[in-house]
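Listed below are the residues making up each chain.
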Amino acid sequence: MTYRDRGMQKWQGMILSEHTEQLEQAKRKLSWLPRQSEECLVEILSYAVTKQHAITIQRLTKDENGYPLPFVVGRIAGVEDDRIYMRDMAGVITVLTFDDINHISEGTIEKWYR
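About the cut-offs
- Residues numbered from 1 in each chain as written.
- Predicted model: local features only at pLDDT ≥ 70, side-chain atom pairs only at ≥ 80, totals over all residues.
- Heavy atoms only, no water.
- Helix = DSSP H or I, 4+ residues; strand = E, 2+ residues; numbered from the N terminus.
- Expected span 1.5 Å × (residues − 1).
- Buried < 20%, exposed > 50% of the residue type's maximum accessible area, 1.4 Å probe, protein only.
- Arc of directions from axis to C-beta.
- Pairing = 2+ DSSP bridges.
- Axes fitted to C-alpha atoms, helices over the stretch in contact; angles between N-to-C directions.
- Contact = heavy atoms within 4.5 Å.
- Core = buried A, V, L, I, M, F, W, Y, C linked by side-chain atoms within 4.5 Å.

**Considering helix H2 (residues 38-51)**
- Spanning 14 residues, H2 covers 20 Å between terminal C-alpha atoms, matching the ideal 20 Å at 1.5 Å per step.
- Along H2, the residues classified as buried are Leu-41, Leu-45 and Ala-48. An end-on view of H2 places all buried positions within 65° of arc, on one side of the element. Turned more than 90 degrees away from the buried face of H2 sit Glu-39, Glu-43, Thr-50 and Lys-51, all of them exposed.
- Looking one or two residues beyond H2, the residue adopting positive phi is Gln-52, at roughly 55°.

Rendered as structure tokens:
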């Protein structure tokens, strides 16, 4: 009787937590979008405020590895001085400053139902 090899199936349990963490970090690496002019940012923000459209904002803030932080997706809940308050679908408010915005695009908020 010969042994039937299961191929890669037997090695699936050998992945270390460090490997899993590295794979997740590779998926999360975002690239920088082109920097938008101040006039363009103001135009998109004013449109998003008046029409209550969802937007996606990429911040200039970097993580510890120099990559951009995850996008902020939501609707503008309010503006005070140079601070912008964004509310996501979960109701969480994120405070941004105008100087911290790199790129804005129209975003889509996924519905919790399909």
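Having seen the structure, we can now continue with the description.
**Let's talk about the sheet that holds strand S2 (residues 72-80)**
- Taken together, five strands build an open sheet; the order of strands is S4-S3-S2-S1-S5 and the sheet is antiparallel. A strand with exactly one partner marks an edge of an open sheet, and here the two such strands are strand S4 (93-97) and strand S5 (101-106). Taking each pair of neighbouring strands and ignoring which way they run, the sheet shows an average axis angle of 45°.
- Together, strand S1 (55-59), S2, strand S3 (83-87) and S5 form the strand contacts of H2, whose direction differs from that of S5 by roughly 45°.

**As for the nonpolar core**
- The biggest cluster of nonpolar side chains holds twelve residues, and these are Leu-41, Leu-45, Ala-48, Ile-55, Ile-57, Val-72, Ile-76, Ile-84, Met-86, Leu-96, Ile-101 and Ile-104.
- Mapped onto this core, the elements with two or more residues apiece are H2, S1, S2, S3 and S5.
- A per-element tally of this core places H2 first, with three residues.
- Excluding residues within four positions of it along the chain, Leu-45 makes contact with Ile-55, Ile-76, Ile-84, Phe-98, Ile-101 and Ile-104.

**Description of unusual backbone geometry**
- Phi angles above zero are rare outside glycine, and Gln-52 is one such case at about 55°.
- As for its placement among the helices and strands, Gln-52 is situated in the loop between H2 and S1.
- Owing to a relative accessible area of 39%, Gln-52 belongs among the partly exposed residues under this scheme.
- The backbone of Asp-81 sits at a positive phi, close to 55°, despite the residue not being glycine.
- Relative to the assigned elements, Asp-81 resides in the loop between S2 and S3.

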